[in-house]
Amino acid sequence: MTELLLEVKNLKKHFPVNKGLFGQKKSFVRAVDGVSLTIEKGETLGLVGESGCGKSTTGRMITRLLAPTEGEILFDGRDLSKLNDKQIREARKELQMIFQDPYASLNPRMTIGETIAEPLIVHNMMNKKDRIKKVHELLECVGLTSYHANRYPHEFSGGQRQRIGIARALAVNPKLIVADEPVSALDVSIQSQVLNLMQDLQEEFGLTYLFISHDLSVVEHISDRVGVMYLGKLVEIARKETLYENPKHPYTKALMSAVPIANPRVKKERIVLQGDIPSPSNPPTGCTFHPRCNACMEICKTEVPLLKETSPGHFSACHLY
Ligand code: SF4
């Protein structure tokens, strides 16, 4: 039987924008505008969408690097949105994040061993001898060696740095890892190595992932279910196979039509999206995708479509269904 690890309800992040000569708050950027999702223990949920759709902000709120404006983050029975700073620091033992640019997240003045051991020190876990042993074990786990513990970040390639970032995230035995574009800065050949490593570690340690990426092929490789975000909202979510074989939302269809297919006999019609993503400070009325949608109807301009189950486990926010 599956067990729920995370349930996010109506999560919102509205950033105030100061306008005018005296800096009065006049509007809000609706970076995330009512996202609800669940992740089961041991599952990988992929989150995709164009740049600026709110997927990274969602990930940062779930790990409480950002405070939500509204909504609930139920993690293993607790609502993370209600925790104070001290409680958040404590909860981070179970919620770790992997970033796109591992170099920026590594302190150039700390050795790799110190970097990986740092979360153990912060959370007061283990004595020095055990910490050193743990660092060496983690380096082996991510395909490096204990020899690397005394080296500095600049001595490593991009792929190796991401392995170090993963080892650091694993140090405190987290239950959930939010990986925000973890392979986007890497060469394609290195990308699959890091993705395979993440899958192996998931099996070994029973990890649960929220995997955020703009790259549909990468998300397909690693995810069990995939959610598609557009302008701060989740517009479609389903099991990976269902979503990639039978996307329902016109936005998902357009994204899928741009993914290359290896088989040259399979012909796919490319749907080119018109225009740019509208500003999240002034989103269109009704369905926010309507100015770019090739199936737009009158109702779409005025009524917000709700995320509804259109077939078992397949949810779509579109008036066509
Ligand atoms: Fe297109 Fe209307 Fe569906 Fe929005 S609700 S995606 S505008 S058809």
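Quick caveat, the model's predicted, so the values are computed rather than measured.

Undergrad: Explain the pattern of salt bridges to me, and be specific about the residues and the numbers.
TA: The final tally for this structure, using the stated rule, is 17 salt bridges. Lys93 is the salt-bridge partner of Glu90, the closest N and O atoms lying 3.2 Å from each other. For Glu90, a relative accessible area of 47% puts it in the partly exposed group. Among the salt bridges present, the one from Glu155 reaches Arg151, with a minimum N-O distance of 3.0 Å. When its relative accessible area of 37% is taken as the criterion, Glu155 is described as partly exposed. A network of salt bridges, in which partner residues are shared, links Glu3, Lys41, Asp76, Arg78, Glu94 and Lys175.

Undergrad: Residues and numbers for the packing of helix 3 (residues 112-122) against helix 4 (residues 128-141), please.
TA: The packing of two helices is summarised by the inter-axis angle and the distance between the axes. Relative orientation of the contacting elements helix 3 and helix 4 amounts to 120 degrees, with a least axis distance of 9 Å. When the axis of helix 3 is compared with that of helix 4, the two are oblique. For the pair helix 3 and helix 4, the sense of crossing is right-handed. From helix 3, Ile112, Gly113, Ile116, Ala117, Leu120 and Ile121 reach across to helix 4, where they touch Arg131, Lys134, Val135, Leu138 and Leu139. Split by residue class, the contact of helix 3 with helix 4 holds 8 nonpolar, 1 polar and 2 charged.

What counts and how
Residues numbered from 1 in each chain as written. Predicted model: local features only at pLDDT ≥ 70, side-chain atom pairs only at ≥ 80, totals over all residues. Heavy atoms only, no water. Salt bridge = Lys/Arg side-chain N within 4 Å of Asp/Glu carboxyl O. Buried < 20%, exposed > 50% of the residue type's maximum accessible area, 1.4 Å probe, protein only. Axes fitted to C-alpha atoms, helices over the stretch in contact; angles between N-to-C directions. Helix = DSSP H or I, 4+ residues; strand = E, 2+ residues; numbered from the N terminus. Parallel < 35°, antiparallel > 145°, perpendicular 65-115°, else oblique. Left-handed = near helix turned anticlockwise from the far one by under 90°. Contact = heavy atoms within 4.5 Å. Nonpolar A, V, L, I, M, F, W, Y, C, P; charged D, E, K, R; others polar.

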